[in-house]
Amino acid sequence: MAKIWLILVSFTVIWKPQTQATIDSTLVETAANNFGNSMHGISIQFSGRDFLKQAFENDSASLTVKKINGTKMVLDIAEKIENMLNNKVEAVEKLVDAAEQANLAHEYNESIEYKYFNALQINQKTEDGQYLPLGGNFTLTPDDHFNDDVNLTQSTVQVPTNVYNMGTEVLNHIQFTAELDQQFVENYADDPTLTWQYFGSKTGFFRNFPGIKWNIGEDPFDTFDCRKRGWYISAATSPKDIVILIDKSGSMLGILLEIAKHTARVIIDTLGDDDFFNVLAFNETTSYTEPCFEDNDMLVQANANNRELIKESLDNLKAGGLAEFGVGLTDAFELLLKYNETTSESECNQAIIVITDGASKTHDDIFERYNEDQRVRVFTYLMGREVGGAPAVKKMACNNKGYYTQIATIADVDENVSKYIHVLSRPMVIKEIYNTAWTSVYMDSAASDDTLALMTTVAQPVFNKKNDTKKQGILLGVVGVDVPVHELLKLTPVYKLGARGYPFAITNNGYILFHPDLRPKWGNETKPNYNSVDLAEVELSDANDTVKRVFAADYNMEIRNAMINTETGEMTIQVVMHTSNLTRVSVRNNTYFYTFLDDTPFSFAIVLVEPYGFYIVESDAPYFTLNADDEYAPELDKLYGDFAEGIERNATLFRIAIEGNFFDGNLTIARRWPYCSWTTEENKEERKDSLVTRLFHAVLESKLDEDCDADMINHLLFDVKITENMPEYWKSVYSDENYSGYFCYPGPPSSSSSNLTTPTLSSVVTEAWDRMTPVSQNKTEIRSARSASEENIVCVKINNHSATENGILMSFLGTRGGLSRWYNNPDFENVDDFIKSKSETIEEDYYWRAVELGDDRILYSVPLLTNGYVRDPNSTLKVTASTILTFTKDDIGPTVVAALGYQMLWSSFATNLVGNTICDNENVDCLLLDENAYIMFSEDENEVGQHFGKAYLRLMTELVNVSVYEKFTLVDYQGMCSETEKFSSAGSTILDPFFSLTTLVAWWFHQVVIFLVQFSIQDWWYSTGVEAECKPT
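Below is a summary of the structure that appears in this document.

So, about empty space enclosed by the protein. Considering all chains together, one arrives at 6 cavities of 30 Å³ or more under this definition. Approximately 60 Å³ is the volume found for the second largest cavity. Lining the second largest cavity, in full, are Gly498, Ala499, Tyr612, Gly613, Arg816, Ile842, Tyr847, Val851 and Val896. In terms of residue class, the lining of the second largest cavity is made up of 6 nonpolar, 2 polar and 1 charged.

Each strand in a sheet pairs with another by means of backbone hydrogen bonds, the pair being arranged parallel or else antiparallel. One open sheet holds the 6 strands; their spatial order is E28-E32-E31-E35-E34-E33, and the pairing between them is antiparallel. Every interior strand has two partners, whereas the edge strands, strand E28 (666-669) and strand E33 (859-861), have only one. Each strand of the sheet is rotated relative to its neighbour by a mean of 20 degrees, with strand direction disregarded. One ladder, built from 7 bridges, connects strand E31 (residues 808-815) with strand E35 (residues 892-905); its direction is antiparallel. Following the sheet pairing, leucine 813 is matched in E35 by leucine 900. Sheet contacts for helix H2 (residues 49-58): strand E34 (878-889) and E35; angle to E34, the most-contacted strand, approximately 20 degrees. The sheet strands contacting helix H22 (residues 726-733) are E31, strand E32 (819-824) and E35, and the helix crosses E32 at an angle near 25 degrees.

All right, on to the sheet that holds strand E24 (residues 569-579) then. Spatially, 5 strands are ordered E21-E20-E26-E25-E24 in an open sheet, and the strand pairing comes out antiparallel. Unpaired on one side and paired on the other, strand E21 (512-514) and E24 mark the two borders of the sheet. Put simply, the sheet's adjacent strands are angled 35 degrees from each other on average, direction ignored. Here strand E20 (residues 502-506) pairs with E21 via 2 bridges, running antiparallel. Residue pairing for E21: alanine 505 is matched across the bridge by phenylalanine 514.

Take the side chain of arginine 560 next. When you line up the elements, arginine 560 lands in helix H17 (residues 546-564). A polar side-chain atom of arginine 560 sits 3.1 Å from the main-chain carbonyl oxygen of asparagine 509. Contacts of arginine 560, omitting those with residues within four sequence positions, involve Ile506, Asn509, Gly510, Asp534 and Leu535.

The next point concerns the packing of helix H7 (residues 255-269) against helix H8 (residues 304-313). Between H7 and H8, the least distance of the axes is 10 Å, while the angle of their chain directions is 175 degrees. By the angle between their directions, the pair H7 and H8 is classed as roughly antiparallel. Residues Arg265, Ile268 and Asp269 of H7 form the contact with H8, whose participating residues are Arg307, Ile310 and Lys311. Residue composition of the contact of H7 with H8, by class: 2 nonpolar, no polar and 4 charged.

Now for a negative patch on the surface. The grouping of Asp364, Asp365, Glu368, Glu372 and Asp373 at the surface amounts to a negative patch. Tracing the chain through its elements places aspartate 373 in the loop between helix H10 (364-370) and strand E14 (376-383). By relative accessible area, aspartate 373 is classed as exposed at 53%.

Per the counting criterion, the structure on display carries 1 disulfide. Across the disulfide from cysteine 676 sits cysteine 708; the S-S distance is 1.9 Å. Note on the cysteine 676 and cysteine 708 pair: the S-S dihedral is about 105 degrees, so by sign convention the disulfide is right-handed. Residue cysteine 676 is located in the loop between E28 and helix H20 (687-701), and its partner cysteine 708 is located in the loop between H20 and helix H21 (710-722); the two are separated by 32 residues in the primary sequence. Note on accessibility: cysteine 676 and cysteine 708 belong to one class, buried.

As for its position among the elements, isoleucine 310 is in helix H8. Exposure remark for isoleucine 310: the relative accessible area of 0% places this residue in the buried category.

Bringing the packing of aromatic side chains into the picture now. For the coordinates displayed, the defined rule picks out 35 aromatic pairs. On the basis of an interplanar angle of 70 degrees and a centroid distance of 6.1 Å, the ring pair of tryptophan 231 and tyrosine 232 is categorised as edge-to-face. This pair shows no difference in class: tryptophan 231 is buried, exactly as tyrosine 232 is. For the pair tyrosine 502 and phenylalanine 504, a centre-to-centre distance of 6.4 Å together with 40 degrees between the ring planes defines the contact as tilted. For phenylalanine 504, a relative accessible area of 0% translates into the label buried. When the ring centre of tyrosine 131 is taken as reference, the NZ or CZ atom of lysine 125 above it lies at 5.0 Å.

Attention shifts here to the pairing of strand E18 (residues 453-463). Across the 11 residues that make up E18, a large majority, 11, are buried. Looking at chain direction, strand E17 (residues 442-444) and E18 are connected through 3 bridges and run antiparallel. Bridged to tyrosine 442 within E18 is methionine 455. Relative to strand E19 (residues 475-484), E18 is paired through 9 bridges, and the arrangement is antiparallel. When the sheet's bridge partners are listed, threonine 457 is paired in E19 with aspartate 482.

This part covers the nonpolar core. Residues Tyr420, Phe604, Tyr675 and Phe909 are the most contacted members of the largest nonpolar core, which totals 251 residues. Setting aside residues up to four positions removed in sequence, tyrosine 675 forms contacts with Ile669, Ala670, Leu691, Asp707, Cys708, Asp709, Met712, Ile713, Leu716, Gly817 and Gly818. Of all hydrophobic cores here, the second largest spans 10 residues; its members include Ile935, Phe948, Tyr952 and Leu959.

Reading the values: the criteria
Residues numbered from 1 in each chain as written. Predicted model: local features only at pLDDT ≥ 70, side-chain atom pairs only at ≥ 80, totals over all residues. Heavy atoms only, no water. 1 Å grid on protein atoms, 1.4 Å probe; cavity = no way out; pocket = protein on both sides within 12 Å on 5 of 7 lines; lining within 4 Å. Points joined across faces, edges and corners; volume = space filled by probe spheres on them. Nonpolar A, V, L, I, M, F, W, Y, C, P; charged D, E, K, R; others polar. Pairing = 2+ DSSP bridges. Helix = DSSP H or I, 4+ residues; strand = E, 2+ residues; numbered from the N terminus. Axes fitted to C-alpha atoms, helices over the stretch in contact; angles between N-to-C directions. Contact = heavy atoms within 4.5 Å. Polar contact = N/O pair within 3.5 Å; in protein donor to acceptor, adjacent residues only side chain to side chain. Parallel < 35°, antiparallel > 145°, perpendicular 65-115°, else oblique. Patch = residues over 30% accessible without salt bridge, like charges linked within 9 Å, V, L, I, M, F, W, Y side chains within 5 Å. Areas by Shrake-Rupley, 256 points an atom, 1.4 Å probe, with all protein chains shown as cover. Salt bridge = Lys/Arg side-chain N within 4 Å of Asp/Glu carboxyl O. Lys, Arg positive; Asp, Glu negative; His and termini not counted. Charge placed at Lys NZ, Arg CZ, Asp CG, Glu CD. Buried < 20%, exposed > 50% of the residue type's maximum accessible area, 1.4 Å probe, protein only. Disulfide = S-S within 2.5 Å. Phe/Tyr/Trp six-rings, centres within 6.5 Å; stacked < 30°, edge-to-face > 60°. Lys NZ or Arg CZ within 6 Å of the ring centre and 35° of its normal. Core = buried A, V, L, I, M, F, W, Y, C linked by side-chain atoms within 4.5 Å.

Coordinates in, geometry out; function isn't part of it.
Take a look at the structure:
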């Protein structure tokens, strides 16, 4: 028998007959309304929304709804961030001074013997139980602030494999920088928010504080070289314009061209986002190694994409022809001249880097024509062991303020390439220009559980100020301090931005510093270009057709350009946002408030989302206000006599009161929110335990710790107070009695008896004392039709729904201040505490999706079968329902104050649907879809959680055609594609008559590669590269 499809979309009926069979649309509408009304009644009863709404209305006299001034907020937050970043700069400046003074006091020792703690060797023993020569017993203690085992009194030294760890110059520098330990410790004492502090030496070693055990995993070599890190290069030089000129003549055929390619790649890796470059290859003619740039004929920004693109293009270089240096040098100079006509960003630091196996003459005529003032430095790298063409190549460099190096093998490349950086730094050193460099965001191993943390680094160069060498412009190294992004986010009050609001920051190049949609990892892998994600790639305008897309893109670029140009302003744009791991999409009206961060290359912005994001509710009577002085002493003496005794007593009373609220029922607070800067020991506790202890000490000491946020704590305590009766309400509605009645509780005291009218310590203590006084038994449960107007008694009507019969497992709420409460149905065993894993309240999907849906609407969801998620066949399928509570006063608002909800068995949800609709008809197949077309109900439970378009593409197309759903096409600019390896049948080799010959050739080539590596291995420890230190200029 033919069936009819009945598709319920957010309780709106869409039906499409597959045959001539028909169905009465009135019957369908009635059935949908019955189901909707039934679920609405259950939702209101077990979420407790109306009950909490009544509590807000009863407290409305002491509440104020304020409109957020976005411009003031962004400026206030920016000032806090600036102060924090300035503290980091001050720490760096102190390290610079300490390093330079230590170097002045140090006398170079040619026969030095010096033992130090090598980070790779500490705490390691040989087979006979002896510590390694540069190891020893080094105390390490776990520390959550650093997410590692650390030593907070000493630093450790890391030396890469390509640097001799007992070299004379290395040991001299290690010795004098040991004096930095004292400054490291003092900096950390002055600013406990500091994380890693370090010194990177020009000799290659890396001194890190606090001291740690260096881990290189399974890699046999330690390849970390601080001189190649962005913070080192950026601080050591100003922005650079670089042309790399590669000789691809016939004499470069073979291994020389491979060394040249590798040299070029390493040079490219030393460039950063503020640099511009390109690579030319020449023989009789000159060409760009990357054809994409032929038409532009310009330098390109050295961002991650361009660097990778050009490095890959080097694979296509082929050797042949004659080397016409005149042609190559002329085109290189012309490229720089053309770039100078369009910009003046980095004219003072321009260079041509020549990679060749030799030259027959110096081409002085070309240098006199283009570089008479020697504004462009020339660096030359001679490939191979032959030195016949070396004199001319060396002279090219030395006559043009450059540097000459011979690179005999691939092993020489890493150690010798970076030396051009120190030459470019000479003008800064001689003029003592301290360049404060801030890096783009990067991933560093400063997080627990083997994950990576987002960081930015501030760094400054360290100069040799000894009189006998000062004019030589010698760079000693670079000092740096890491600034984790999560430390910046602590200064952005999430609760003030509300659900769907968020902060972000970008660099002067428009790249994301932090943003909620920055996704640096793909599975367990770090994406290659995560640190060059542009703002325009994450803020996507609502543009579903070409005309709208061009218009909307202009708006996005306008915001981006305004922030890059260090402007302060605001702008509202309709944007389309993807959420929940790219599984859902929504359209929002975002208002951007933006400004710049002084003395940094960063700009900062906050986003407020209409309609709820512009308002916040505040209590006129703060629950916790303390000052650092003793102004309350007279009040306390009057109330309790002796001050010291009184404050101790009051603290005890306060603790009892706070604990009574914090431990009454199931309750938790947002773990990641910075109510205070939690210590390592506090991070091991429940977050509410740590906060209660902090509040107890605050009363005891008459002041709140400086690392605590009083506003955030006040908001939390307000939420604790106003929701304190929710556990009793839930207990009542979950009882076995099935009735229609009232839940009543004591109302707020009259304004004349309020103890919270003045924000003083005595008011807090008096409130605590009042909470210790037994309240009327009405506080528990009153089931009567008592009039709600009776003085100080508030009653809320309870509907007639049985929790157990309806499969209700638990109820929960989350507030804007970060509080979560929940209640488990005692009739069900092993009910998992759903809300415990979603403690961040306004950042959780149950909260912000309910906000997206709007007021007086209820959101239902099931676990989605997306992103590889497979449902455990032994698990119980559940439905989560949530709805928001909004508050308005004096026509100001609305603002969202909480989201409340419950979980129920999917089987009970399905029974309710079938029982209230025509879905029990065997001729009807029913589907229930959510707002993004995910299947909430199907007669086939295996389909629940799938996207309707995946399971029923044709029907999904129909729903789009009749405008039930709107299709959005989004480009994930941060997406990555999996590479599929191709395999051939093993039997195919039997049919290939040349297979044995191919195998033989492959074996022979493999042996040649091994020989070349072995031939170069002697240079791994000591570079045999020949270099020429030209006259310092």
